[in-house]
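Close look at the chain arrangement
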Amino acid sequence: MANFSGLSGEASAAVVIAATLDTKAEEIGFLRRALEHQGVSVLLIDCGILGEPGIAPDVTRAEVASRGGGSIEALRARRDRENGLRVMTAGLTSILKTMLAEGRIGGYIGVGGGTNAAFAAAAFKVLPFGLPKFLVSTLASGNTRPFIGAKDVVLFHTVVDVLGLNPFLRTVFEQTAAAMAAMLKSHATAAEPDPRTTIGMTTFGSTTEGAMRALARIGSSAEVLTFHARGTGGEAMEDMIREGRISAVLDLTTTEIADELVGGMCSAGPERLTAAGEMGIPQVVLPGAIDLVNFGTREQVPARFQGRRFVAHTALATLMRTTPDENGEIARYMARRLNQARGPVSVVVPTRGYSAYSVQGAPFFDPEADAAFLAALKASLKPEIPIATVDDTINGELCINSAVSALQEMMRSQAEKV
């Protein structure tokens, strides 16, 4: 049996399942029993609206609606699906935040189709990295980014619809329960890196050599979390900074900003390059791979970019060279964010190429475009933020040593103030 009773009383952490118990009662009931058979405590949150729950929840739909600013009676009477989903999602999010603060969530499982996957998506946003999270759904295939975002979510594609129990679905649920039990055991004994000496670093294929140099230079003096700058990587780093898991940033690869502004597929959204400044932690920023914009296959490149310079990174990845005007816009965008930083900031700009593709002899070599970035940055950045120009490429030893040294000096200075 679950150790919880509603939202009151003290209890140990449990696995939360939030679902519409008017349509998924049989399936959720089986999954709960499978989890309890593994020795896992379960807490059910009912997010249904219209029908009656087929099994008793630990947190009722009325409680969820109330926490979302509505009432279940009003939602039933209105029968407005969009409004109902918005209220119940807000209520679920509020409840999960309360439970997290009380240390009452050990893991989370989202089960079902579109509606229940939407509830899971909202839950994943507020649940911290490292806490076991599952999406068991027909939607755990194809484009899953709208549901999992940048979070560490285990996807279990059910193949068949979550509608009525059958031998295949029972196996899926039993495997989910076994996997969750194993993850809970692993999570309980896992060692977290010390956030006081953890550096977040962004990297990309065309800046990998530089990232490897940085790792070697940092050595054992700090833990380094590297983030693949393909959109979700930058998002994840920003989230981890805000969670207090990262104490300094070596933002080697800011290519996601080029995608955000020009229209590529690897944007990390408008919050990129804001978290370190908000949290006041040291950051060294470089224009890594801002010389290119990312697309899928060549056929997927929008028609408006006809006539531009392209390179096939792989059969499924097409890169486009940025122009002087675009690089100027990227520089001003970065400067606006860095100018707001509450902590120490330094910028390192290599003058011989911003990625492996724009060094001399490479297909994106364009000194004029690179110079446009530097000129706009100097014109837009606050005078007190230093810009170190280095006669090197982004991946070169001189560039990387300059960036790492600047960051280590910032970290030492901050440590002395504590």
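Everything that follows concerns the structure shown earlier in this document.
Before going into details, it helps to say that this report is about the structure given with it.

What counts, and where the lines are drawn
- Here the residue index of a chain counts from 1 through its sequence in written order.
- A pLDDT threshold of at least 70 governs which residues receive local features in this predicted model, and a stricter bar of 80 or more applies before side-chain atom pairs are shown or counted, although totals over entire chains, interfaces and linings include all residues.
- Water and hydrogen atoms play no part in the side-chain values, which are based on all heavy atoms of the structure.
- The convention used is that axes are lines fitted to C-alpha atoms, helices contributing only their stretch in contact, and that angles between N-to-C directions extend from 0 to 180 degrees.
- Numbering of helices and strands runs from the N terminus, with a helix taken as a DSSP run of H or I at least four residues long and a strand as a DSSP run of E at least two residues long.
- Take the far helix as your reference; a near helix turned counterclockwise from it by less than a right angle gives a left-handed crossing, and one turned clockwise gives a right-handed crossing.
- By definition in these notes, contact holds between two residues if any of their heavy atoms fall within 4.5 Å.
- One fewer than the residue count of a helix, multiplied by 1.5 Å, yields its expected span.
- Relative accessibility decides the category of a residue: with a 1.4 Å probe and only protein chains considered, values under 20% of the type maximum give buried, values over 50% give exposed, and everything between is partly exposed.
- The arc under discussion is defined with respect to the helix axis, by the directions toward the C-beta atoms.
- DSSP-based pairing: two strands are paired if at least 2 bridges between them are found.
- Any carboxyl oxygen of Asp or Glu that lies within 4 Å of a side-chain nitrogen of Lys or Arg is treated as forming a salt bridge with it.
- The term nonpolar core refers to a set of buried residues drawn from Ala, Val, Leu, Ile, Met, Phe, Trp, Tyr and Cys, joined through side-chain atoms within 4.5 Å.
- Here is the rule: rings of Phe, Tyr and Trp (six-membered ring for Trp) pair when centre to centre is within 6.5 Å. Planes less than 30 degrees apart are stacked, more than 60 are edge-to-face, and the remainder are tilted.
- For a ring to carry a charge above it, either NZ of a lysine or CZ of an arginine must fall within 6 Å of the ring centroid while also lying within 35 degrees of the normal to the ring plane.
- Note on terminology: angles under 35 degrees are roughly parallel, angles over 145 are roughly antiparallel, angles of 65 to 115 are roughly perpendicular, and the others are oblique.
- For this classification, the nonpolar set comprises Ala, Val, Leu, Ile, Met, Phe, Trp, Tyr, Cys and Pro, the charged set comprises Asp, Glu, Lys and Arg, and every other residue, Gly included, is treated as polar.

**Some words on the packing of helix H4 (residues 81–101) against helix H5 (residues 114–126)**
One can describe the packing of H4 onto H5 by two numbers: an axis separation of 9 Å at closest approach and a directional angle of 35°. As for the relative orientation of H4 and H5, their crossing is right-handed in sense. On H5, the residues that touch Arg 81, Leu 85, Met 88, Thr 89, Leu 92, Thr 93, Leu 96, Lys 97 and Leu 100 of H4 are Thr 115, Phe 119, Ala 122, Ala 123 and Val 126.

**A closer look at helix H14 (residues 397–417)**
Helix length check: H14 (21 residues) gives 30 Å between terminal C-alpha atoms against 30 Å at 1.5 Å per residue, within 8%. Listing the buried residues of H14 in full gives Cys 399, Ile 400, Ala 403, Val 404, Leu 407, Gln 408, Met 410 and Met 411. Angularly, the buried residues of H14 cover 160° about the axis, an arc narrow enough to put them on a single face. Residues of H14 that are exposed and point more than 90 degrees away from the buried face comprise Glu 397, Glu 416 and Lys 417. Where H14 is buried, its residues contact strand E6 (198–203), helix H8 (208–218), strand E8 (248–253), strand E9 (283–288), strand E13 (345–350) and strand E14 (387–390).

**Quick look at the environment of Gly 361**
Inspection of the secondary structure puts Gly 361 in the loop between E13 and helix H13 (367–380). Gly 361 sits 89 residues away from Arg 272 along the chain, and the two C-alpha atoms are 31 Å apart.

**Here we look at the sheet that holds strand E4 (residues 133–137)**
A sheet is described by the order of its strands in space; here five strands give the open sequence E2-E1-E3-E4-E5, paired in parallel fashion. Bordering the open sheet on either side are strand E2 (42–46) and strand E5 (154–157), each of which pairs with just one other strand. For this sheet the average axis-to-axis angle between neighbouring strands, irrespective of direction, equals 20°. By the bridge criterion, five bridges tie strand E1 (residues 14–19) to E2 in an arrangement that is parallel.

**Section: the pattern of salt bridges**
Evaluation of the coordinates by the stated rule reveals 19 salt bridges. Among the ionic pairs, Arg 272 bridges to Asp 251, the shortest N-O distance being 2.7 Å. With Arg 272 in the loop between helix H10 (255–262) and helix H11 (275–279) and Asp 251 in strand E8, this pair connects stretches of sequence that are 21 residues apart. Its relative accessible area of 1% is what places Arg 272 among the buried residues. Asp 251 sits in the buried class, given a relative accessible area of 1%. Connected through salt bridges with shared partners, the residues Glu 238, Asp 251, Glu 256 and Arg 272 form a single ionic network.

**Comments concerning the environment of Glu 235**
Within the secondary structure, Glu 235 sits in helix H9 (residues 232–242). The exposure class assigned to Glu 235 is partly exposed, which follows from its relative accessible area of 23%. As for Glu 235 and Ala 275, which are separated by 40 residues in sequence, their C-alpha atoms are 9.9 Å apart. Beyond its immediate sequence surroundings of up to four residues, Glu 235 is in contact with Arg 145, Ala 150 and Ala 268.

**Some thoughts on the nonpolar core**
The nonpolar side chains of a soluble globular protein tend to be buried with one another. Judged by nonpolar contacts, the single largest core of 32 residues is most densely connected at Val 16, Ile 45, Met 88, Leu 92, Leu 96 and Tyr 108. Elements represented by at least two residues in this core include exactly E1, E2, helix H2 (61–67), helix H3 (72–78), H4, strand E3 (105–111), H5 and helix H6 (145–148).

**As for the packing of aromatic side chains**
According to the stated counting rule, one finds five aromatic pairs in the structure shown. With a centroid separation of 6.4 Å and 40° between ring planes, the pair formed by Phe 30 and Phe 173 is classed as tilted. Taken together, the positions of Phe 30 in helix H1 (residues 25–37) and Phe 173 in helix H7 (residues 167–189) put the pair 143 residues apart, joining distant regions of the chain. Taking the centre distance of 5.9 Å and the plane angle of 80° together, the rings of Tyr 108 and Phe 124 count as edge-to-face. A residue pair is termed long-range when its members are at least 10 positions apart, and Tyr 108 in strand E3 and Phe 124 in helix H5 qualify at 16 residues. Sitting over the ring of Phe 129, Lys 151 keeps its end group 5.1 Å from the ring centre.

**So, the packing of helix H12 (residues 324–338) against H13**
Direction vectors running N to C along H12 and H13 enclose 30°, while the axes themselves pass 7 Å from each other. If you check the angle between H12 and H13, you find them roughly parallel. Regarding H12 and H13, the two cross each other, and that crossing is right-handed. Together, Pro 324, Asn 327, Gly 328, Ile 330, Ala 331, Arg 332, Met 334 and Ala 335 of H12 and Glu 368, Ala 369, Asp 370, Ala 372, Phe 373, Ala 376, Leu 377 and Ser 380 of H13 make up the contact between the two elements. Grouping the constituent residues of the contact of H12 with H13 by class yields ten nonpolar, three polar and three charged.

Shape descriptors only; they carry no functional weight alone.
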